[in-house]
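Descriptive structure summary
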Amino acid sequence: MAILSNQPVNRDQAKVMNRYDITRRLVGLLHADEAVIGGIGYTNFDLWAASESGSGRRQQNFYMLGSMGLAVPIAMGVAIAQPGRKVFALEGDGSMLMQLGSLCTVAARKQKNLCVVIMDNGAYQITGGQKTMTEQGADIVGIARASGLEQSAWAADEDAFVELVTRSLQEDGPWLIGCRIDAAKPVDTTERDPARIRDNFMKGLGVRA
Amino acid sequence: MAETWYEIVVEVLKRHNVSLVTYVPDNVLRPLVAAIEADPFFTAFACTREEEALGINAGAYMGGVRCILLMQTSGFATLPNVLASLSVPFSIPTVMMVSERGTLGEFNIGQSLVARTMRPVLDALSIETHTMTRLDEAEFILDRSLVQAFATMAPVCFILSPLLTGGKVFSK
């Protein structure tokens with residue numbers, strides 16, 4: 001992992017970015033119908049907002065409505081079912097802290113086509129900004145590495161984020177990209193219609209006609 | 001010809017193309033897990049939590065693979081939130097098999113108390129549930145209920161009674 005050695009060594013050294021901005025950059029790099037799972041709250045609100053374009057909204061997104069912490073497991077299930085497709089999990093720090101064991105499972109399975117993106121603002125933003133443990137010393141990239149996810153790195157800045165995502169699209173994973181983000185409000189709100197979300201996603205994955 | 005409960009389970013899962021098996025280990029489930037892991041038809045692995053396993057199965061189902069989650073009673077008790085916010089509202093046919101602790105000779109008071117939460121939770125969420133007690137009914141219950149789960153896109157829970165499996169016996 002020599003190329004990752006120029007990444008920040010810890011959370012404190014990573015630039016604070018904007019969630020909508022980097023989500024847009026991520027979506028802009030997806031050209032092969034990659035699947036994206038948006039964890040609850042603002043993470044998936046900005047995925048929803050970033051996925052709208054002149055040609056409609058991308059179909060290969062799944063938006064959770066509850067089940068806090070399950071973005072990584074759901075993404076892993078999609079990745080197992082469709083090994084030829086790259087799958088991204090977008091998860092907040094509070095959510096990830098609820099299901100840290102799933103990082104061990106991803107590492108143990110060596111899930112090649114999976115990339116986890118952590119949106120870390122150190123707060124339960126949607127419930128009033130209470131501090132999470134990442135604001136009090138926990139480093140999710142460090143936890144991921146210790147869980148066996150060797151290809152885990154903090155994105156130093158927006159350019160580094162794009163570089164890491166690009167690598168994750170080209171090379172085998174599993175990958176984990178830590179992103180420090182600010183406390184900006186999301187740009188839009190996801191439509192809350194679970195049957196439609198699931199049906200769209202399955203159509204986007206080619207499972208349903 | 002399948003003769004034991006776990007051979008019947010393996011046979012019916014294969015018939016319905018249920019190929020991904022996630023589980024949190026349990027002593028009663030051990031012969032089933034062993035039979036599944038010995039069969040190359042299945043992808044099977046243990047997860048760190050039942051919630052995690054349910055999430056993996058939900059994702060795999062949406063990606064076109066049928067799945068089952070194996071656990072014991074106390075593990076089921078960790079699932080109400082994800083059943084109510086993922087499986088049920090998204091119409092995902094989460095197939096669950098629970099080895100029943102807490103009854104018919106339980107020796108751990110925690111198990112006997114947590115077991116009493118299981119059926120009320122399943123009922124509250126209107127989840128199709130079958131308690132399997134007899135070897136001669138096992139194939140029918142599993143076969144018909146898997147058809148129903150996938151046709152109606154609804155979760156189903158199979159509770160394996162000690163009457164079927166022998167359960168976990170108190171030994172000091």
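Quick summary incoming for the structure in this document.

**Remarks on the overall build of chain A**
Scanning chain A from terminus to terminus reveals eight helices and 11 strands. Over its C-alpha trace chain A gives a radius of gyration of 16 Å, about what one expects of a compact globule, namely 17 Å for 209 residues. The proportion of buried residues among the 209 residues of chain A is 58%. A sequence separation of at least 24 residues applies to 78% of the contacts in chain A between residues at least 6 apart. For chain A, the exposed area adds up to about 8200 Å²; of that, 49% sits on carbon and sulfur atoms. Positive and negative charge centroids in chain A, built from 22 and 23 side chains respectively, lie 5 Å apart.

**A few points about the side chain of Ser99(B)**
Residue and element names in this part refer to chain B. Residue position: serine 99 is located in strand 4 (residues 95-99). Among the residues examined, serine 99 registers a relative accessible area of 1% and is labelled buried. Here the side chain of serine 99 touches aspartate 26 through a polar contact of 2.6 Å, side chain to side chain. Contact partners of serine 99, with chain neighbours within four places excluded, come to Asp26, Val28, Leu29, Met71, Gln72, Thr73 and Leu160.

**Remarks on empty space enclosed by the protein**
All names here are of chain B. As enumerated under the stated definition, the model contains one cavity of 30 Å³ or more in all. Put simply, the largest cavity is a space of about 60 Å³. Surrounding the largest cavity, Asn57, Ala58, Tyr61, Arg66, Cys67, Ile92, Pro93, Thr94, Val95 and Phe150 form its lining. Listing elements by their share of the lining of the largest cavity, those giving two or more residues are helix 3 (50-62) and strand 3 (66-72). It is helix 3 that provides the largest number of residues to the lining of the largest cavity, a total of three residues. Among the residues forming the lining of the largest cavity, the class breakdown is seven nonpolar, two polar and one charged.

**Section: the nonpolar core**
Of all hydrophobic cores here, the largest spans 118 residues; its most connected members are Phe62(A), Leu70(B) and Phe76(B). Here this core takes nine residues from helix 3 (residues 71-81) of chain A, the largest share from any one element. Setting aside chain neighbours within four positions, we find Leu70(B) in contact with Val21(B), Thr22(B), Tyr23(B), Val24(B), Leu29(B), Leu32(B), Val33(B), Ile36(B) and Met97(B).

**A few points about the interface of chain A and chain B**
The interface is formed by 30 residues belonging to chain A together with 26 residues belonging to chain B. Here chain A and chain B share an interface that buries about 2100 Å² over both sides, 71% of which is from carbon and sulfur atoms. Across the contact surface, chain A and chain B share zero salt bridges. Taken together, chain A and chain B are joined by five residue pairs in polar contact (both at pLDDT 80 or more). Among the elements of the structure, strand 5 (61-63), helix 3, helix 5 (101-109) and helix 8 (194-204) of chain A are those that each provide at least two residues to the side of chain A that touches chain B. The element best represented in the side of chain A that touches chain B is helix 3 of chain A, accounting for seven residues.

**Points about the pattern of salt bridges**
By the definition in use, this model includes 19 salt bridges over all chains. Arg57(A) serves as the salt-bridge partner of Glu52(A), at 2.9 Å between the closest nitrogen and oxygen. Take Glu52(A): its relative accessible area is 45%, and that puts it in the partly exposed class. As a salt-bridge pair, Arg15(B) and Glu11(B) come within 3.3 Å of each other at their nearest N and O atoms. In this pair, Arg15(B) and Glu11(B) are both assigned in helix 1 (residues 5-15), four residues apart and thus about one turn of the helix distant. The partly exposed category is assigned to Arg15(B), whose relative accessible area is 41%.

**Concerning the sheet that holds strand 4 of chain B**
Residues and elements named next belong to chain B. Spatial strand order, 2-1-3-4-6-5: six strands in an open sheet with parallel pairing. The open sheet has two edge strands, strand 2 (43-46) and strand 5 (128-132), and neither has a second partner. The average undirected angle you get between the axes of adjacent strands in this sheet is 20°. In the sheet, strand 1 (residues 18-23) pairs with strand 3 via five bridges, with the strands oriented parallel.

The rules behind the values
Residues numbered from 1 in each chain as written. Chains lettered and ligands numbered in written order. Predicted model: local features only at pLDDT ≥ 70, side-chain atom pairs only at ≥ 80, totals over all residues. Heavy atoms only, no water. Helix = DSSP H or I, 4+ residues; strand = E, 2+ residues; numbered from the N terminus. Rg over C-alpha atoms; globule rule 2.2 N^0.38 Å. Buried < 20%, exposed > 50% of the residue type's maximum accessible area, 1.4 Å probe, protein only. Contact = heavy atoms within 4.5 Å. Areas by Shrake-Rupley, 256 points an atom, 1.4 Å probe, with all protein chains shown as cover. Lys, Arg positive; Asp, Glu negative; His and termini not counted. Charge placed at Lys NZ, Arg CZ, Asp CG, Glu CD. Polar contact = N/O pair within 3.5 Å; in protein donor to acceptor, adjacent residues only side chain to side chain. 1 Å grid on protein atoms, 1.4 Å probe; cavity = no way out; pocket = protein on both sides within 12 Å on 5 of 7 lines; lining within 4 Å. Points joined across faces, edges and corners; volume = space filled by probe spheres on them. Nonpolar A, V, L, I, M, F, W, Y, C, P; charged D, E, K, R; others polar. Core = buried A, V, L, I, M, F, W, Y, C linked by side-chain atoms within 4.5 Å. Buried area = accessible area lost by both parts, 1.4 Å probe. Salt bridge = Lys/Arg side-chain N within 4 Å of Asp/Glu carboxyl O. Pairing = 2+ DSSP bridges. Axes fitted to C-alpha atoms, helices over the stretch in contact; angles between N-to-C directions.

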